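Structural overview
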Amino acid sequence: MRNTRNALFALIVATCLCAEPMHSADAPQAPAAPFAANPSVEREDPARPGSPIGYPGSVSRQNAGYQWTEQAARSGRMGVRLDSTEGGRTLTFQDLDLAPDALYRFSVWYRTRQQDPQPRILWLRAPKYAKYPTSREWTKATILLKGSDTDRVTLATLPFENGRAKYVEDAQGERRLVNGVPLIVDLDDFELRKLTSQDFRGNLFQNPGFEHGDLFPPGWYAVYSAGQRGIFLDDRDKHSGDKSLRVEVAEDKSTQALTSNRLPLEADQVYHLSFWMKAKERFTEVNIRLHAGESSDYFFEETIEAEQDWTRHDLFFETLPVSNRQSPGRTFYATVRFRIPGQGNVAWLDDMALVNFDEEL
Ligand SMILES: [Ca+2]
Ligand SMILES: [Ca+2]
């Protein structure tokens, strides 16, 4: 019986070795961080009563870190709350066990409890920030990260719209936030996983039709928005579905720029970027650039003229081969940036698609 079982085991191992997929990233993954074994934040750490297993240990500190509470649950009984009413809060997962050249996706479901909508209130940093807006409904916030760039993900809240929080000292010498927005963010269902070959297939944009979100699009943000908000979800003028993305250039600015969420790309491939667009002003020349990782340099640029009616645009670009010194790696993430000119101009985007061109042949 034992011999039969051993033989069967050997056969299974041999089969697995032979069937090793071309992308080893598709093999079952070991958890990259202790919190991955407790994604819904349900289980208590016996070594730290009152704190969840795998999460940083600042629960018990007053006015710092996060709360572990039933009030923040999306699934199960418990969740995590960042209450920034008195100042910014952070939650950092560090010493993550990441392979240097692999791409990972960190995600967490969140909702916010404040009335006044804000465009960038939950910040995910790995190593730079991706910015998420207030959302009354549970929304998934995600960030792509490369193992060689960082070994940590930080979630931060800033209870202040567009800019730095300002503090004054009160009579007791305590720092108090001025003009802050009371902000509570509930978090649950955390995930960190290595991307598989499937993640590089299909439309690489999240929320490509801008159908999700309250007032601001999750994962997209305006670059020049100090003092203004710059981008909105628009339910009046759209190409399809119920909403589009509206970009506003302030009256005292000559351009507005818009940055997409992070897109997973592979080296030495051809991609097809398409989108529907319209602009308020005639002859609006929209500049489009693709940036790899956090580089301020771009590896593709094109300028199109947006029409005053909804028009589809199609662009094609190539990523560099890994053998090229400038290549960001076998897999990497990129962002698309749209620059819209014209003081007081408005542009709309809808039905974004970015697809590996091989899939269309
Ligand atoms: Ca939970
Ligand atoms: Ca739409």
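Not measured: the values here are computed from a predicted model.

**Side note on the sheet that holds strand E3 (residues 89-93)**
The strand order E3-E8-E5-E6 describes an open sheet built from four strands, whose pairing is antiparallel. The open sheet terminates on both sides in strands that have one partner only, identified here as E3 and strand E6 (129-132). Neighbouring strand axes in the sheet, compared pairwise and without regard to direction, differ in orientation by 15° on average.

**Overview of the nonpolar core**
By size, the foremost hydrophobic cluster in this structure holds 75 residues, and its most contacted members are Phe106, Leu122, Leu124, Ile143, Ile231, Leu245 and Ala347. Taken domain by domain, this core gets at least three of its residues from each of domain 1 (29-195) and domain 2 (198-360). Those residues in contact with Ile143 that sit more than four places away from it in its chain are Phe106, Leu124, Ala126, Ala130, Val153 and Arg262.

**Overview of the confidence of the model for the protein chain**
Of the residues in the protein chain, 84% reach a pLDDT of 70 or more, and the chain-wide mean stands at 86. Confidence over residues 7-25 falls short of pLDDT 50; this stretch has nine contacts with residues more than four positions distant or in other chains.

**So, the environment of Ala353**
Turning to its location among the elements, Ala353 is positioned in strand E22 (residues 346-356). The class for Ala353 is partly exposed, based on 17 C-beta atoms found within 10 Å. When the C-alpha atoms of Ala353 and Asn203 are compared, they prove to be 5.5 Å apart, with 150 residues separating the residues in sequence. Not counting chain neighbours up to four residues away, the residues in contact with Ala353 comprise Asn203, Phe205, Pro208 and Ser274.

**Notes on unusual backbone geometry**
Looking along the chain, the bond that leaves Ala126 and enters Pro127 is cis, with omega of -10°. Inspection of the secondary structure assignment puts Pro127 in the loop between strand E5 (122-125) and E6. Its identity is not glycine, yet Asn207 carries a phi of approximately 55°, on the positive side. Of note in this structure, Phe210 is not a glycine but carries a positive phi near 55°. Position of Phe210 relative to the elements: it lies in the loop between strand E11 (184-194) and strand E12 (221-222).

**A look at the pairing of strand E18 (residues 284-292)**
Side-chain alternation along E18 places Thr284, Val286, Ile288, Leu290 and Ala292 on a buried face and Glu285, Asn287, Arg289 and His291 on a face that remains uncovered. Inspection of the sheet shows E18 paired to strand E19 (residues 300-306) by seven bridges, in the antiparallel sense. Counterpart to Arg289 in the pairing with E19 is Glu301. Relative to strand E21 (residues 331-341), E18 runs antiparallel, the two being bridged by six bridges. Its bridge partner being in E21, Asn287 is matched across the sheet by Arg339.

Conventions adopted
- Residues numbered from 1 in each chain as written.
- Chains lettered and ligands numbered in written order.
- Predicted model: local features only at pLDDT ≥ 70, side-chain atom pairs only at ≥ 80, totals over all residues.
- Pairing = 2+ DSSP bridges.
- Helix = DSSP H or I, 4+ residues; strand = E, 2+ residues; numbered from the N terminus.
- Axes fitted to C-alpha atoms, helices over the stretch in contact; angles between N-to-C directions.
- Core = buried A, V, L, I, M, F, W, Y, C linked by C-beta atoms within 7 Å.
- Buried ≥ 20, exposed ≤ 12 C-beta atoms within 10 Å, placed from the backbone.
- Domains from an automatic or database assignment.
- Contact = placed C-beta atoms within 7 Å.
- pLDDT = per-residue confidence, 0-100.

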